[in-house]
Amino acid sequence: MKSRFSSSLLVILTILFTLYSCGAPYETQTLFAMDTVVTVSAETHSPDDLAAAAETLAAIENTFSRTREDAEIAVVNTRTESTLSSETEQLLAKALEVSKNTGGAFSPTLGRLTSLWNVTGGGYVPTDEELAAALADCRMQDVSITDGTVSKPAGLQFDLGACVKGYAAEKAIEALKDKGIQNAMINIGGNVAVSGKPQKAEYWRVGVKNPFYPDELLGYITANDGVIAVSGTYERFFEKDGVLYHHIFDPATGFPAASGLKEAAVYAKDGFLADALSTALFVMGEKRASAFYESGVYAFEAILVTDDGRVVVTAGLKERFVPNTDAAFDDTRKLIF
Ligand code: AMP
Ligand code: MG
């Protein structure tokens, strides 16, 4: 019943959008994938075109999910040694490389820790002993990949939640391009990939939320290509005894990162990188993140929002970022751009 309702709703939304856009060949579809709401907008030649994006997302989810029993990563997590598909080998190798280059701030091996905290399932504040035991199973250095085979301790679990959405967004755009669709935008729960332009403007405008009031925008980024990924405390959290615990962990402590940042947004051509780095910068905090940006290890631009309401925009993004100068910090103050 439920799925029939949602697919009829989808059709209605699609028709409405097509009518609204006065017959011009842009369509928007909303679907649910990767545990989040996905929106695809693209200039299409046939109504079936957008299916290529949805199929790509389904395939990626079926490979990299750790909760779908038959997904490759879920199976890898149950073993100490596995032969990898070439896509998974490449993705894991890149994840380990980014982990190294970010000093472990991005860590794709936190599965035991994230399961323990169980933020999405209601939340649990672990004891020191539980934390220490989980962290012992999260050591990236214990993983090796050689000739398509990954080896890891039995307890170590990959959690690719911090990089797969950005990766998937880029791949879905590629799938649309393969269909001849150059103008497209896909939003996977705040990880947005764009290509070309929208119907009535020269650039896509990608909104970034104000982390203090997530119903409001911090501003928007204009782009014709690339991926914008955002990590913020407001995305997933739970409250216990008056304390808010969010879903981005500092691998050094095992606790939700308390780096002085409320949000980190990253713009990069590479979707995997945009996503992984948004998480990493969030964990690093302003000072480390700025030094990392200056080091030039990776090509990216970023926006950092600090706990005290300052918005830091990297040099290469200043021309593309249009701030909402009305964005509030609290009842009486505005954010400082
Ligand atoms: P994101 O929203 O992209 O910042 O990703 C956050 C998700 O990645 C969390 O829900 C966890 O599943 C996982 N995660 C949390 N902390 C980290 C971290 N420091 N490095 C890598 N993945 C993490
Ligand atoms: Mg991320």
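Starting afresh in each chain, residues are numbered from 1 along the sequence in its written order. Chains and ligands are labelled sequentially in the order written, the chains with letters from A and the ligands with numbers from 1. Predicted model: local features are reported for residues with pLDDT of at least 70 only, side-chain atom pairs are reported and counted for 80 or more only, and whole-chain, interface and lining totals are derived from all residues. Note that water and hydrogens are dropped before the side-chain values are worked out from all heavy atoms of the structure.

S.K.: It is not clear to me how the site of ligand 1 should be interpreted in this structure. Could you clarify?
M.R.: Put simply, a residue is near a molecule or strand once any heavy atom of it comes within 4 Å of that molecule or strand. Around ligand 1 lies a shell of 17 residues, among which Ser107, Asp159, Ser231, Phe249 and Thr279 are the nearest. Any N or O atom pair separated by 3.5 Å or less is treated as a polar contact, with the protein-specific requirement of one donor-capable and one acceptor-capable atom, and with residues adjacent in sequence counted only for side-chain atom pairs. Contact distances for ligand 1 include 2.7 Å between an oxygen atom and a side-chain N or O atom of Asp159. In the environment of ligand 1, a nitrogen atom lies 2.8 Å from a nitrogen or oxygen atom belonging to the backbone of Phe249. Coverage of ligand 1 by the protein amounts to 90% of the 500 Å² it exposes when considered alone. Under the scheme used here, helices are H or I runs from DSSP no shorter than 4 residues and strands are E runs no shorter than 2 residues, and both carry numbers assigned from the N terminus. Considering every element that reaches the shell around ligand 1, the biggest residue donor is helix H8 (residues 271-295), with three residues. In the shell around ligand 1, the residues fall into eight nonpolar, six polar and three charged. Areas reported as accessible are Shrake-Rupley estimates using a 1.4 Å probe. Residue values count occlusion only from the protein chains shown. Ten residues, namely Ala, Val, Leu, Ile, Met, Phe, Trp, Tyr, Cys and Pro, are considered nonpolar, four, namely Asp, Glu, Lys and Arg, are considered charged, and the remaining ones, Gly among them, are considered polar.

S.K.: Would you mind going over the packing of aromatic side chains with me for this structure?
M.R.: Two numbers describe a pair of aromatic rings. These are the distance of the centres and the angle of the planes. Here a pair means two rings of Phe, Tyr or Trp (six-membered ring of Trp) with centres within 6.5 Å. Their orientation is stacked below 30 degrees between planes, edge-to-face above 60, and tilted elsewhere. Enumeration over the complete set of coordinates arrives at eleven aromatic pairs. A centroid spacing of 5.5 Å and a plane angle of 40 degrees characterise the contact between Trp117 and Tyr245, whose relative ring orientation is tilted. Of the two residues, Trp117 is situated in helix H5 (residues 111-117) and Tyr245 in strand S12 (residues 243-246); the sequence distance between them amounts to 128 residues. You can call Trp117 buried: its relative accessible area is 0%. For Tyr245, a relative accessible area of 14% corresponds to the buried category. Between Phe212 and Phe329 the ring centres are 4.8 Å apart and the planes differ by 85 degrees, which places this aromatic pair in the edge-to-face class. In this pair, Phe212 sits in the loop between strand S8 (204-210) and strand S9 (213-223) while Phe329 sits in the segment after strand S16 (321-323), placing the two residues 117 residues apart along the sequence. Like Phe212, the residue Phe329 is buried in the burial classification. By definition here, charges over rings are those cases where NZ of Lys or CZ of Arg is within 6 Å of the ring centre and within 35 degrees of the ring normal. Cation over ring: Arg205 sits above Tyr220, and NZ or CZ is 4.5 Å from the ring centre. A 1.4 Å probe rolled over the protein chains alone gives each residue an accessible area, and that area as a share of the maximum for its type sets the label: buried under 20%, exposed over 50%, partly exposed in between.

S.K.: Would you mind going over the state of the cysteines with me for this structure?
M.R.: In protein structure, a disulfide is the covalent linkage between the sulfur atoms of two cysteines. By definition, disulfides here are pairs of cysteine sulfur atoms that lie within 2.5 Å. In this structure the tally under the stated criterion is zero disulfides. You can see Cys138 has no disulfide; the closest cysteine sulfur is in Cys163, sitting 15 Å from it.

S.K.: It is not clear to me how the coordination of the magnesium ion (ligand 2) should be interpreted in this structure. Could you clarify?
M.R.: The reference angle at a metal is 109.5 degrees if four donors form a tetrahedron and 90 or 180 degrees if six donors form an octahedron. Each metal's donors are the N, O and S atoms found within 2.8 Å of it, except that Na, K and Ca use a 3.2 Å limit; water is left out, so coordination can look incomplete. At the metal site, the magnesium ion (ligand 2) is ligated by Ala162 (O), Asp275 (O), Asp275 (OD) and Thr279 (OG1), and these contacts range over 2.1 to 2.6 Å. Between consecutive donor residues of the magnesium ion (ligand 2), the sequence gaps follow A-x112-D-x3-T. Of this pair, Asp275 and Thr279 both sit in helix H8, four residues apart, which is roughly one turn of the helix. Side by side, Asp275 and Thr279 carry an identical accessibility label, which is buried.

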